[in-house]
Amino acid sequence: MNCPSVTQPAVLILLGPPGAGKGTQSRVLEKAFGLIQLSTGDMLRAAVKAGTPAGQAAQAVMETGGLVSDDIVLQVLAERMADPDTGRGVILDGFPRTAVQAFALDELLAARGQSVGAVISMEVDDDTMVARVSGRTTCTKCGEGYHDTLKRPAVAGVCDVCGGTDFLRRKDDNADTARQRLDTYHAQTAPLIGHYQRAGVLQRLDAMQDIAAVSRELERMVGSIVRSRAP
Ligand code: AP5
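This is a predicted model, so every value here is computed, not measured.

Rules of the game
Residues numbered from 1 in each chain as written. Predicted model: local features only at pLDDT ≥ 70, side-chain atom pairs only at ≥ 80, totals over all residues. Heavy atoms only, no water. Helix = DSSP H or I, 4+ residues; strand = E, 2+ residues; numbered from the N terminus. Buried < 20%, exposed > 50% of the residue type's maximum accessible area, 1.4 Å probe, protein only. Contact = heavy atoms within 4.5 Å. Near = heavy atom within 4 Å. Polar contact = N/O pair within 3.5 Å; in protein donor to acceptor, adjacent residues only side chain to side chain. Areas by Shrake-Rupley, 256 points an atom, 1.4 Å probe, with all protein chains shown as cover. Nonpolar A, V, L, I, M, F, W, Y, C, P; charged D, E, K, R; others polar. Axes fitted to C-alpha atoms, helices over the stretch in contact; angles between N-to-C directions.

Caption draft 1: Quick look at the environment of Leu15. Within the secondary structure, Leu15 is located in strand 1 (residues 11-15). A relative accessible area of 2% places Leu15 in the buried class. For the pair Leu15 and Phe33, spaced 18 residues apart in the sequence, the C-alpha separation amounts to 19 Å. Here Leu15 is in contact with Lys22, Pro96, Val119, Ile120, Ser121, Met122, Thr189, Leu192 and Ile193, once residues within four sequence places are set aside.

Caption draft 2: Region of interest: the site of the ligand. Inspection of the region around the ligand gives 36 residues, with Thr24, Gly66, Arg97, Arg136 and Arg181 positioned closest. The backbone of Lys22 places a nitrogen or oxygen atom 2.9 Å from an oxygen atom of the ligand. Arg136 is positioned such that a nitrogen or oxygen atom in its side chain is 2.5 Å from an oxygen atom of the ligand. For the ligand, whose accessible area on its own is 1,000 Å², the fraction buried by protein is 96%. Every element with two or more residues in the shell around the ligand is listed here: helix 1 (22-33), helix 2 (40-50), helix 6 (126-134), strand 6 (145-147) and helix 9 (211-228). Sorting elements by how many residues they give to the shell around the ligand places helix 2 first, with four residues. Classifying every residue of the shell around the ligand gives 15 nonpolar, eleven polar and ten charged.

Caption draft 3: Molecular detail of the packing of helix 7 (residues 175-189) against helix 8 (residues 191-198). Viewed as axis vectors pointing N to C, helix 7 and helix 8 meet at an angle of 35 degrees, and their least axial separation amounts to 5 Å. Along its contact with helix 7, which presents Tyr185, His186, Ala187, Gln188 and Thr189, the element helix 8 presents Pro191, Leu192 and Ile193. The residue inventory of the contact of helix 7 with helix 8, partitioned by class, reads five nonpolar, three polar and no charged.

See the structure below:
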């Protein structure tokens, strides 16, 4: 019997070290393709701010550049994935970060009749990564990211997107913690590159280029994935 063809919403993973540009580019892809950015870092920071049990357990680990436990991360991600808007397709930013998380994601998606569509490995050298996160600020009103030298708002002190004037510097965005986050990435997350390459879903992207050039290349890559899934 012939089964009718079923199209799946895109599930994309942006994989890369701190400062690779995952957050910056997720926002570009959200606007371009209507996908939903799911950043486990943002979810955990929200839990810390709200003082939930998950947030209280995560806070100290995040401030020292380690990884929050798989149980906590999987719980916050699964809760967010249950929201109906994720049916439009998602960009996973900062997840998975361990082999346990990668396998749990496969199970979570399989239960929805979905699978990982593509994993884009954003490749950037270690010194560049430290420079990028050390100078980062974020608009507290809309979340747009900036950098002291690499991406400044057009008018100093005013967010280009929403006009906000309050900017936040993350506690873990200092050179020492950035180096620790990088060590954590190489030890626990970089092995996923080989895992996804063997699964045949890995694409590599030179994330050392400037922001606009990375956006263009990503839009081209993601455009062909999204079009291949269109009904
Ligand atoms: P998370 O919030 O995920 O941070 P991260 O992975 O360390 O990534 P960043 O947000 O630092 O970097 P990014 O790649 O998004 O870069 P961005 O676009 O901002 O995680 C924080 C912590 O939460 C972790 O350390 C861990 O403790 C915990 N956590 C989160 N998820 C977890 C998980 N799944 N499991 C366990 N623990 C978890 O860009 C950085 C700067 O560079 C910006 O200022 C930007 O303007 C600039 N920039 C970006 N691209 C370019 C470019 N091409 N050229 C020049 N400048 C650029």
